[in-house]
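Remarks on the overall topology
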Amino acid sequence: EDLNWASVTVKISVDGAAPVTCANNAEGADGFDCHLVEYGDTTDQFWSVGDGVTVVESGGDSLCSLGETCSVEVSITDTREGKIIDKTTAIAE
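Residues numbered from 1 in each chain as written. Predicted model: local features only at pLDDT ≥ 70, side-chain atom pairs only at ≥ 80, totals over all residues. Heavy atoms only, no water.

Quick word on the pattern of salt bridges
Tallying each qualifying case throughout the model produces two salt bridges. For Glu 73, the salt bridge identified is with Lys 87, shortest N-O distance 4.0 Å. Separated by 14 residues along the polypeptide, Glu 73 in strand β7 (residues 70–78) and Lys 87 in strand β8 (residues 83–92) bring together distant segments of the chain. Note on Glu 73: relative accessible area 34%, which makes it partly exposed. Using a relative accessible area of 48% as the deciding quantity, one classes Lys 87 as partly exposed. Between Arg 80 and Glu 81 there is a salt bridge, with its nearest N and O atoms 3.0 Å apart. Given the relative accessible area of 47%, Glu 81 is considered partly exposed. (Salt bridge = Lys/Arg side-chain N within 4 Å of Asp/Glu carboxyl O. Helix = DSSP H or I, 4+ residues; strand = E, 2+ residues; numbered from the N terminus. Buried < 20%, exposed > 50% of the residue type's maximum accessible area, 1.4 Å probe, protein only.)

Put into structure tokens, the structure is as follows:
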């Protein structure tokens with residue numbers, strides 16, 4: 001089912017630190033440590049089946065030290081329904 005971007009919150013936690021909320025787009029990234037870049041159908045306001053996102057550091061912030069390996073936990077929440085849609089952990093370099 002499509003999700004309106006206004007109802008989606010993505011938070012990341014690096015190496016067990018307090019989670020930070022990513023802005024839903026680069027244009028609204030001021031004041032955020034990270035933002036999302038959507039791929040797939042970017043012509044609408046929905047996150048649909050087949051769409052995806054890349055998490056990008058904002059404003060020159062470095063959430064994972066250069067040359068270091070970090071554990072990144074990503075949590076996606078549907079704020080309209082008040083439920084976590086997915087939570088996953090990945091390794092970043």
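Structure shown, so let's carry the discussion forward.
Thoughts on the sheet that holds strand β2 (residues 8–14)
The four strands lie next to each other as β3-β2-β7-β8, forming an open sheet whose pairing is antiparallel. Where the open sheet ends on each side, the last strands, each with one partner, are β3 (20–22) and β8. Between one strand axis and the next, the sheet turns by 25° as a mean value, whatever way the strands run. As paired strands, β2 and β7 are joined by seven bridges and run antiparallel to one another. Considered in β7, the bridge of Lys 11 is made with Ser 75. (Pairing = 2+ DSSP bridges. Axes fitted to C-alpha atoms, helices over the stretch in contact; angles between N-to-C directions.)

Side note on the nonpolar core
With 15 residues, the main nonpolar core has Val 8, Val 10, Ile 12, Trp 47, Val 74 and Ile 76 as its most contacted residues. Breaking this core down by element, the ones donating at least two residues are β2, β4 (34–39) and β7. Ignoring anything within four residues of it in the chain, the contact list for Ile 12 reads Ala 18, Pro 19, Val 20, Cys 22, Cys 34, Val 55, Leu 63, Val 72, Glu 73 and Val 74. (Core = buried A, V, L, I, M, F, W, Y, C linked by side-chain atoms within 4.5 Å. Contact = heavy atoms within 4.5 Å.)

Concerning the environment of Ser 58
By the secondary structure assignment, Ser 58 is in the loop between β6 (52–57) and β7. Under the relative-accessibility criterion, Ser 58 is labelled buried at 3%. The spacing of Ser 58 and Cys 22 is 36 residues in sequence and 8.9 Å in space, taken between C-alpha atoms. Setting aside chain neighbours within four positions, we find Ser 58 in contact with Ala 29, Phe 32, Asp 33, Cys 34 and His 35. Polar contacts involving the side chain of Ser 58 include one to the side chain of His 35, which spans 2.7 Å. (Polar contact = N/O pair within 3.5 Å; in protein donor to acceptor, adjacent residues only side chain to side chain.)

Quick word on the pairing of β7
With respect to burial, β7 is a largely interior element, seven of its nine residues being buried. Two strands pair when backbone bridges link them, and β7 and β8 are joined in this way by nine bridges, in the antiparallel orientation. Bridge assignment links Cys 70 to a residue of β8, and that residue is Ala 92. Hairpin connection between β7 and β8: a loop of four residues separates the two successive antiparallel strands, and Gly 82 in this loop has a positive phi of roughly 70°.

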